[in-house]
Amino acid sequence: MGLRFSVLSSGSTGNATVVSNGEVHLLVDAGLSMKRVEQLLKERDLSGAEIHAILITHEHSDHIKGLGALSRKYKLPIYANEKTWEELDRLIGDVEDDFRRIMETGEELSFGTLRVESFAISHDAADPVGYCFYEQDEKLSLVTDLGYMSGKVKEKIMDSDVYVLESNHDVDMLRMGHYPWNIKRRILGDTGHLSNEAAGEALCEILSEKTRRVYLAHLSRDHNLMDLARLTVNNLLEEKGGSPRGRKVRLMDTYFDRPTKWDVLAWED
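Given the structure is predicted, the values throughout are model-derived calculations rather than measurements.

What counts, and at which threshold
- Residues numbered from 1 in each chain as written.
- Predicted model: local features only at pLDDT ≥ 70, side-chain atom pairs only at ≥ 80, totals over all residues.
- Heavy atoms only, no water.
- Helix = DSSP H or I, 4+ residues; strand = E, 2+ residues; numbered from the N terminus.
- Buried < 20%, exposed > 50% of the residue type's maximum accessible area, 1.4 Å probe, protein only.
- Contact = heavy atoms within 4.5 Å.
- Areas by Shrake-Rupley, 256 points an atom, 1.4 Å probe, with all protein chains shown as cover.
- Lys, Arg positive; Asp, Glu negative; His and termini not counted.
- Charge placed at Lys NZ, Arg CZ, Asp CG, Glu CD.
- Core = buried A, V, L, I, M, F, W, Y, C linked by side-chain atoms within 4.5 Å.
- Pairing = 2+ DSSP bridges.
- Axes fitted to C-alpha atoms, helices over the stretch in contact; angles between N-to-C directions.
- Salt bridge = Lys/Arg side-chain N within 4 Å of Asp/Glu carboxyl O.
- Polar contact = N/O pair within 3.5 Å; in protein donor to acceptor, adjacent residues only side chain to side chain.
- 1 Å grid on protein atoms, 1.4 Å probe; cavity = no way out; pocket = protein on both sides within 12 Å on 5 of 7 lines; lining within 4 Å.
- Points joined across faces, edges and corners; volume = space filled by probe spheres on them.
- Nonpolar A, V, L, I, M, F, W, Y, C, P; charged D, E, K, R; others polar.
- Parallel < 35°, antiparallel > 145°, perpendicular 65-115°, else oblique.
- Arc of directions from axis to C-beta.

A. Structural view of the overall build of the chain. Across its full length, the chain holds nine helices and 14 strands. Dimensions along the principal axes, computed over C-alpha positions, put the chain at roughly 50 × 45 × 35 Å. Counting every position in the chain, which comprises 269 residues, the buried fraction comes to 58%. Taking the intrachain contacts of the chain between residues at least 6 apart in sequence as the baseline, contacts between residues at least 24 apart amount to 63%. Carbon and sulfur atoms make up 47% of the accessible area of the chain, which amounts to about 11800 Å² in all. For the chain, the separation between the mean place of its 34 positive charges and that of its 46 negative charges on side chains is 4 Å.

Take a look at the structure:
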């Protein structure tokens, strides 16, 4: 079948994504209640019992809310780096030693033929990471919750078939919004979140002839709009010639309240 995935939920109210090759099903983050994660999985014809492992990007509550409960109910191993585990130990309750797995930043693991590699990102967490998933010659990159995209991150996620990329806020909407200035400064900083414009500029550098689709993710409900994020990114791609050889890369929506349809990486638009 090759790689496929669904962004189950994306945003400050909770994040979770399921990635599968048809035989192995991996959950990336569990930032909603266990009950809600179960409901979202059911909408994609999966159950918690079919998940093989949970991979964690970082320890913020919108990424781990249901983590401990899911692991305990379904006997699921949790993979995170050591610094993240130091934070998780006080946040998610008891987890059996057998299900407490260390995946250091930069390490690559194999789940059958499905390979997963983590990489460091810039965010105000202990040791935050993004993930690349590989199945034969297919590549999916998932990168959200980062203040800026470094050259190392761009190099790591280059030549992906599909991206799930943060497009968190419109800078002007954020600056004029109701958040206190210290919160705005955090979001706008190098360890905060990627703006629509920053996402578009990064894509101009990393898109290749292989890239088919980009999912714009982790949108702020207070300081962004899906149409605005898509328009901003698309305009930058057109202005700066980011789409390779004139090929139109399709920009896809994600949602806080419902999952995306299964995306099979091999599908042509």
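Picking up where we left off.
B. Inspection of the nonpolar core at higher detail. With 27 residues, the main nonpolar core has Val-143, Met-149, Ile-157, Leu-165, Leu-203 and Val-214 as its most contacted residues. Not counting residues within four places of it along the chain, the set of residues in contact with Val-143 comprises Phe-119, Ile-121, Val-153, Ile-157, Val-164, Leu-165 and Glu-166. Counting 26 residues, the second largest nonpolar core, distinct from the first, contains Val-7, Leu-109, Leu-142 and Val-162.

C. Broad picture of the sheet that holds strand β9 (residues 129-135). Strand order across the open sheet formed by seven strands is β7-β8-β9-β10-β11-β12-β13, with mixed pairing between neighbours. At either margin of the open sheet sits one strand with a lone partner, and together these are β7 (108-111) and β13 (250-252). With direction set aside, neighbouring strand axes in the sheet form an average angle of 20 degrees. Pairing geometry for β9 and strand β10 (residues 138-143), over five bridges, is antiparallel. From the neighbouring strand, Phe-133 faces β10, where its bridge partner is Leu-140.

D. Fine view of the pattern of salt bridges. Applying the stated criterion across every chain yields a total of 14 salt bridges. Here Asp-161 and Arg-212 are joined by a salt bridge, their closest N and O atoms 3.1 Å apart. Placement of the pair is Asp-161 in the loop between α5 (151-157) and β11 (162-166) and Arg-212 in the loop between α8 (196-206) and β12 (213-217), with a sequence separation of 51 residues. The class of Asp-161 is buried, set by a relative accessible area of 4%. Among the ionic contacts, a cluster of salt bridges with common partners joins Asp-161, Lys-210 and Arg-212.

E. Here's a closer look at the environment of Tyr-131. Note that Tyr-131 resides in strand β9. Tyr-131 sits 100 residues away from Gly-31 along the chain, and the two C-alpha atoms are 17 Å apart. A distance of 2.7 Å separates a polar atom in the side chain of Tyr-131 from the backbone oxygen of Ile-56.

F. Focus on empty space enclosed by the protein. Under the definition given, this model contains one cavity of 30 Å³ or more. By volume, the largest cavity is sized at about 100 Å³. Residue lining of the largest cavity: 14 residues in total, with Asn-15, Ala-16, Thr-17, Leu-142 and Thr-144 positioned closest to the centre. Broken down by secondary-structure element, the contributors of at least two residues to the lining of the largest cavity are β1 (4-9) and β2 (16-20). Considering only residue class, the lining of the largest cavity consists of six nonpolar, seven polar and one charged.

G. Representation of the packing of helix α1 (residues 34-43) against helix α3 (residues 67-74). For the pair α1 and α3, the least separation of the axes is 8 Å and the interaxial angle reads 70 degrees. Viewed along their axes, α1 and α3 adopt a mutual orientation that is roughly perpendicular. From α1, Met-34, Val-37 and Glu-38 reach across to α3, where they touch Ala-69, Leu-70, Lys-73 and Tyr-74. Here the contact of α1 with α3 is built from residues that sort into five nonpolar, no polar and two charged.

H. How the structure looks around α1. Residues of α1 that are buried include every one of Val-37, Glu-38, Leu-40 and Leu-41, and no others. Down the axis of α1, the smallest arc covering the buried residues is 165 degrees, so these residues share one side. Opposite the buried face of α1, at more than 90 degrees from it, the exposed residues are Lys-35 and Lys-42. Buried positions along α1 lie against β1, β2, β3 (25-28) and α3. After α1 finishes, the residue Asp-45 shows a positive phi value of roughly 60 degrees.

I. Structural view of the pairing of β12. Of all five residues making up β12, five are buried, and the element is well covered by its neighbours. The side-chain alternation of β12 yields two buried faces, one formed by Arg-213, Tyr-215 and Ala-217 and the other by Val-214 and Leu-216. Two strands pair when backbone bridges link them, and β11 and β12 are joined in this way by five bridges, in the parallel orientation. Each bridged residue has a counterpart across the sheet, and for Val-162 the counterpart in β12 is Arg-213. Of the strand pairs in this sheet, β12 and β13 are connected by three bridges, and their pairing is parallel. Across the sheet, the residue bridging to Arg-213 is Arg-250, located in β13.

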